[in-house]
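Breakdown of the fold
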Amino acid sequence: MPGSTRLGAATKYSLPKAIYRNRAGMELKGPDGSVVYKLVKNEHWADKHCVTDPKGNKLALLRRDITFPAAHAKFTTFSYKPNFEGQDSTDVDADDVAIYPFAQLRCIVPSMPPKYEYLLFKTNDLLKPELNSTINSVCSSRKRGTMTDMKDQLMLRFEEFITGKEGAGYIDVEVAAGIDPLQAVIIGISIDEETTRSR
(Lines give C-alpha, C1' and ligand atoms only; values in the text may rest on other atoms or scores of the structure.)
Protein backbone atom coordinates (compact mmCIF):
# COMPACT_ATOMS: atom_id res chain seq x y z
CA MET A 1 0.00 0.00 0.00
CA PRO A 2 1.41 3.46 -0.83
CA GLY A 3 3.26 4.87 2.19
CA SER A 4 3.72 1.48 3.85
CA THR A 5 6.30 -1.29 3.60
CA ARG A 6 6.63 -5.08 3.97
CA LEU A 7 7.73 -6.80 7.15
CA GLY A 8 11.17 -8.39 7.24
CA ALA A 9 10.06 -10.84 9.93
CA ALA A 10 6.80 -12.12 11.39
CA THR A 11 5.37 -9.53 13.80
CA LYS A 12 2.44 -9.50 16.23
CA TYR A 13 0.25 -6.47 16.90
CA SER A 14 -2.27 -6.22 19.76
CA LEU A 15 -5.43 -4.29 18.89
CA PRO A 16 -7.91 -3.12 21.55
CA LYS A 17 -11.29 -4.79 21.02
CA ALA A 18 -14.00 -2.62 19.42
CA ILE A 19 -11.29 -0.17 18.39
CA TYR A 20 -13.38 1.01 15.43
CA ARG A 21 -15.97 2.40 17.87
CA ASN A 22 -13.43 4.54 19.69
CA ARG A 23 -14.33 8.17 19.10
CA ALA A 24 -11.32 9.79 20.72
CA GLY A 25 -8.56 8.44 18.49
CA MET A 26 -6.02 5.84 19.51
CA GLU A 27 -2.36 4.90 19.20
CA LEU A 28 -1.46 1.43 17.92
CA LYS A 29 1.80 0.02 19.21
CA GLY A 30 4.20 -2.63 17.97
CA PRO A 31 5.69 -5.51 20.00
CA ASP A 32 8.41 -3.22 21.42
CA GLY A 33 5.85 -0.74 22.73
CA SER A 34 6.59 1.97 20.19
CA VAL A 35 3.76 3.70 18.33
CA VAL A 36 3.46 2.39 14.76
CA TYR A 37 0.13 3.91 13.70
CA LYS A 38 -2.45 6.37 14.96
CA LEU A 39 -6.18 5.97 14.43
CA VAL A 40 -7.76 9.40 14.00
CA LYS A 41 -11.51 9.84 14.34
CA ASN A 42 -13.16 12.96 12.89
CA GLU A 43 -16.40 13.94 14.61
CA HIS A 44 -17.99 14.71 11.24
CA TRP A 45 -17.39 11.18 9.94
CA ALA A 46 -20.01 8.68 11.05
CA ASP A 47 -18.19 5.64 9.73
CA LYS A 48 -14.67 6.65 8.73
CA HIS A 49 -11.27 6.54 10.38
CA CYS A 50 -7.96 7.93 9.18
CA VAL A 51 -4.77 5.96 9.87
CA THR A 52 -1.56 7.97 10.16
CA ASP A 53 2.07 7.24 10.92
CA PRO A 54 3.48 8.28 14.36
CA LYS A 55 4.20 11.78 13.01
CA GLY A 56 0.64 12.29 11.83
CA ASN A 57 1.21 11.78 8.11
CA LYS A 58 -1.94 10.32 6.54
CA LEU A 59 -1.56 6.78 5.20
CA ALA A 60 -5.05 5.35 4.76
CA LEU A 61 -8.73 5.92 5.35
CA LEU A 62 -11.07 3.11 6.43
CA ARG A 63 -14.79 3.39 5.64
CA ARG A 64 -17.60 1.09 6.75
CA ASP A 65 -20.79 0.60 4.70
CA ILE A 66 -23.71 -1.56 5.81
CA THR A 67 -25.02 -3.77 3.01
CA PHE A 68 -28.60 -5.02 2.87
CA PRO A 69 -30.47 -7.32 3.12
CA ALA A 70 -27.72 -9.30 4.84
CA ALA A 71 -26.91 -6.38 7.20
CA HIS A 72 -23.21 -7.18 7.00
CA ALA A 73 -20.65 -4.40 6.87
CA LYS A 74 -18.41 -3.84 3.88
CA PHE A 75 -15.09 -2.18 4.65
CA THR A 76 -13.27 -0.13 2.04
CA THR A 77 -9.69 1.08 2.47
CA PHE A 78 -8.55 4.19 0.64
CA SER A 79 -4.96 5.31 0.09
CA TYR A 80 -3.70 8.88 -0.16
CA LYS A 81 -1.73 8.19 -3.32
CA PRO A 82 -2.78 6.45 -6.56
CA ASN A 83 -2.23 2.69 -6.49
CA PHE A 84 -1.64 2.44 -10.21
CA GLU A 85 -0.93 4.85 -13.04
CA GLY A 86 -4.04 6.72 -14.08
CA GLN A 87 -6.14 5.84 -11.04
CA ASP A 88 -8.97 8.30 -10.38
CA SER A 89 -9.72 9.76 -6.97
CA THR A 90 -13.30 8.91 -5.96
CA ASP A 91 -13.66 10.87 -2.73
CA VAL A 92 -11.98 13.29 -0.33
CA ASP A 93 -11.36 13.11 3.40
CA ALA A 94 -12.55 15.61 6.02
CA ASP A 95 -9.76 18.00 5.00
CA ASP A 96 -10.71 17.76 1.30
CA VAL A 97 -7.61 15.69 0.52
CA ALA A 98 -8.07 13.29 -2.40
CA ILE A 99 -8.28 9.58 -1.59
CA TYR A 100 -8.10 6.52 -3.85
CA PRO A 101 -9.88 3.14 -3.49
CA PHE A 102 -7.32 0.51 -2.49
CA ALA A 103 -9.03 -2.57 -1.04
CA GLN A 104 -12.32 -3.96 0.15
CA LEU A 105 -13.18 -6.57 2.78
CA ARG A 106 -16.61 -8.17 2.68
CA CYS A 107 -18.34 -11.14 4.26
CA ILE A 108 -19.30 -14.06 2.04
CA VAL A 109 -23.01 -14.69 2.56
CA PRO A 110 -24.02 -17.32 3.49
CA SER A 111 -21.03 -18.82 5.30
CA MET A 112 -20.69 -20.52 8.67
CA PRO A 113 -18.34 -19.91 10.35
CA PRO A 114 -17.99 -16.45 8.77
CA LYS A 115 -15.69 -16.23 5.76
CA TYR A 116 -14.41 -13.05 4.16
CA GLU A 117 -12.99 -11.91 0.84
CA TYR A 118 -10.21 -9.35 0.56
CA LEU A 119 -10.19 -7.62 -2.83
CA LEU A 120 -7.91 -5.02 -4.41
CA PHE A 121 -8.86 -2.21 -6.77
CA LYS A 122 -6.49 -2.54 -9.72
CA THR A 123 -8.54 -0.62 -12.29
CA ASN A 124 -10.93 2.34 -12.21
CA ASP A 125 -13.88 -0.07 -12.46
CA LEU A 126 -15.14 0.04 -8.87
CA LEU A 127 -17.57 -2.81 -9.51
CA LYS A 128 -14.79 -5.28 -10.31
CA PRO A 129 -12.11 -5.37 -7.62
CA GLU A 130 -9.75 -8.36 -7.89
CA LEU A 131 -9.86 -11.14 -5.30
CA ASN A 132 -6.55 -11.17 -3.44
CA SER A 133 -7.10 -13.49 -0.48
CA THR A 134 -9.64 -15.14 1.81
CA ILE A 135 -10.10 -15.02 5.57
CA ASN A 136 -11.51 -18.04 7.39
CA SER A 137 -12.76 -17.82 10.95
CA VAL A 138 -13.31 -20.60 13.47
CA CYS A 139 -16.51 -21.53 15.32
CA SER A 140 -15.48 -20.52 18.81
CA SER A 141 -16.49 -18.44 21.83
CA ARG A 142 -13.74 -16.01 20.80
CA LYS A 143 -12.67 -14.46 17.54
CA ARG A 144 -10.08 -16.58 15.75
CA GLY A 145 -9.09 -17.06 12.16
CA THR A 146 -6.47 -17.02 9.42
CA MET A 147 -5.93 -15.19 6.15
CA THR A 148 -4.32 -16.92 3.17
CA ASP A 149 -3.44 -15.78 -0.33
CA MET A 150 -4.67 -17.39 -3.55
CA LYS A 151 -1.89 -20.01 -3.24
CA ASP A 152 -3.06 -20.90 0.28
CA GLN A 153 0.01 -19.31 1.88
CA LEU A 154 -0.57 -17.95 5.39
CA MET A 155 -0.59 -14.14 5.53
CA LEU A 156 -1.92 -13.43 9.00
CA ARG A 157 -3.57 -15.01 12.01
CA PHE A 158 -5.87 -13.28 14.50
CA GLU A 159 -7.03 -14.36 17.96
CA GLU A 160 -9.13 -12.71 20.65
CA PHE A 161 -8.15 -12.95 24.30
CA ILE A 162 -11.17 -13.70 26.50
CA THR A 163 -12.11 -12.05 29.78
CA GLY A 164 -10.28 -13.32 32.83
CA LYS A 165 -7.08 -14.27 31.03
CA GLU A 166 -3.87 -12.39 30.36
CA GLY A 167 -4.33 -10.09 27.38
CA ALA A 168 -8.11 -9.83 27.81
CA GLY A 169 -9.62 -6.93 25.89
CA TYR A 170 -7.27 -7.30 22.93
CA ILE A 171 -7.05 -9.10 19.63
CA ASP A 172 -3.63 -10.29 18.52
CA VAL A 173 -2.91 -9.97 14.80
CA GLU A 174 0.16 -12.00 13.88
CA VAL A 175 1.48 -10.94 10.47
CA ALA A 176 3.77 -13.10 8.34
CA ALA A 177 7.09 -11.88 6.94
CA GLY A 178 6.77 -10.14 3.59
CA ILE A 179 3.27 -8.81 4.34
CA ASP A 180 2.26 -5.15 4.55
CA PRO A 181 1.53 -4.48 8.25
CA LEU A 182 -0.72 -1.49 7.52
CA GLN A 183 -3.13 -3.65 5.54
CA ALA A 184 -2.98 -6.38 8.19
CA VAL A 185 -3.88 -3.98 11.00
CA ILE A 186 -6.77 -2.52 9.00
CA ILE A 187 -8.05 -6.04 8.26
CA GLY A 188 -7.89 -6.88 11.98
CA ILE A 189 -9.84 -3.72 12.87
CA SER A 190 -12.44 -4.47 10.17
CA ILE A 191 -13.08 -8.08 11.20
CA ASP A 192 -13.27 -7.13 14.87
CA GLU A 193 -15.91 -4.50 14.05
CA GLU A 194 -17.85 -6.84 11.75
CA THR A 195 -18.10 -9.43 14.54
CA THR A 196 -18.75 -7.02 17.44
CA ARG A 197 -22.33 -6.86 18.66
CA SER A 198 -24.05 -3.49 19.00
CA ARG A 199 -23.87 -2.04 22.46
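Quick summary incoming for the structure in this document.

1. As for empty space enclosed by the protein
- For the structure shown, the criterion picks out 1 cavity of 30 Å³ or more.
- Counted as a void, the largest cavity has a volume near 30 Å³.
- In this structure, the largest cavity is lined by Leu 62, Phe 75, Thr 77, Leu 105, Tyr 118, Ile 186, Ile 187 and Ser 190.
- Contributions of two or more residues to the lining of the largest cavity are made by strand 6 (72-79) and helix 1 (181-194).

2. A few points about the packing of aromatic side chains
- Tallying each qualifying case throughout the model produces 1 aromatic pair.
- Look at Tyr 20 and Phe 75: their rings are 6.0 Å apart centre to centre, the planes differ by 85 degrees, and that puts the pair in the edge-to-face class. On the criterion of sequence distance, the pair formed by Tyr 20 in the loop between strand 1 (11-16) and strand 2 (26-29) and Phe 75 in strand 6 is long-range, its members being 55 residues apart.
- Residue classification places Phe 75 among the buried positions, given a relative accessible area of 1%.

3. Considering the layout of surface pockets
- What the largest pocket holds in volume is close to 300 Å³.
- Those elements that provide at least two residues to the lining of the largest pocket are strand 9 (115-120), strand 12 (154-160) and helix 1.
- Ranked by the residues each element gives to the lining of the largest pocket, the list is headed by helix 1, at 3 residues.
- Taken together, the residues that form the lining of the largest pocket break down as 10 nonpolar, 5 polar and 2 charged.
- Reported here for the second largest pocket is a volume of approximately 250 Å³.
- Surrounding the second largest pocket, 16 residues form its lining, Val 138, Ser 140, Arg 142, Lys 143 and Thr 195 being those nearest its centre.
- Split by residue class, the lining of the second largest pocket holds 8 nonpolar, 4 polar and 4 charged.

4. Quick notes on helix 1
- Between its first and last C-alpha atoms helix 1 spans 20 Å; for 14 residues at 1.5 Å apiece the expected length is 20 Å, and the two agree.
- Here helix 1 lies mainly inside the structure; 14 of its 14 residues are buried.
- Regarding helix 1, its N-cap is Asp 180, as a side-chain oxygen of that residue lies 3.0 Å from the backbone nitrogen of Leu 182 further along.

5. Describing the environment of Asn 83
- For Asn 83, the location among the structural elements is in the loop between strand 6 and strand 7 (91-92).
- Along the primary structure Asn 83 and Pro 101 are separated by 18 residues, whereas in three dimensions their C-alpha atoms are 8.2 Å apart.
- Sequence-distant contacts of Asn 83, that is, excluding residues within four places in its chain, are made with Pro 2, Tyr 100, Pro 101 and Phe 102.
- Among the polar contacts made by the side chain of Asn 83, one reaches the side chain of Ser 79 at a distance of 3.0 Å.

6. Notes on the pattern of salt bridges
- Applying the stated criterion across every chain yields a total of 13 salt bridges.
- Residues Arg 63 and Asp 65 are paired through a salt bridge, measuring 3.0 Å at the closest nitrogen-oxygen approach.
- Of the residues examined, Arg 63 reaches a relative accessible area of 22% and is grouped as partly exposed.
- Given the relative accessible area of 24%, Asp 65 is considered partly exposed.
- Of the charged contacts in the structure, one is a salt bridge between Arg 64 and Glu 193, with a shortest N-O distance of 2.5 Å. On the criterion of sequence distance, the pair formed by Arg 64 in strand 5 (residues 58-67) and Glu 193 in helix 1 is long-range, its members being 129 residues apart.
- The network of salt bridges with shared partners includes Lys 48, Arg 63, Asp 65 and Asp 91.

Rules behind the numbers
- Residues numbered from 1 in each chain as written.
- Predicted model: local features only at pLDDT ≥ 70, side-chain atom pairs only at ≥ 80, totals over all residues.
- Heavy atoms only, no water.
- 1 Å grid on protein atoms, 1.4 Å probe; cavity = no way out; pocket = protein on both sides within 12 Å on 5 of 7 lines; lining within 4 Å.
- Points joined across faces, edges and corners; volume = space filled by probe spheres on them.
- Helix = DSSP H or I, 4+ residues; strand = E, 2+ residues; numbered from the N terminus.
- Phe/Tyr/Trp six-rings, centres within 6.5 Å; stacked < 30°, edge-to-face > 60°.
- Buried < 20%, exposed > 50% of the residue type's maximum accessible area, 1.4 Å probe, protein only.
- Nonpolar A, V, L, I, M, F, W, Y, C, P; charged D, E, K, R; others polar.
- Expected span 1.5 Å × (residues − 1).
- Polar contact = N/O pair within 3.5 Å; in protein donor to acceptor, adjacent residues only side chain to side chain.
- Contact = heavy atoms within 4.5 Å.
- Salt bridge = Lys/Arg side-chain N within 4 Å of Asp/Glu carboxyl O.

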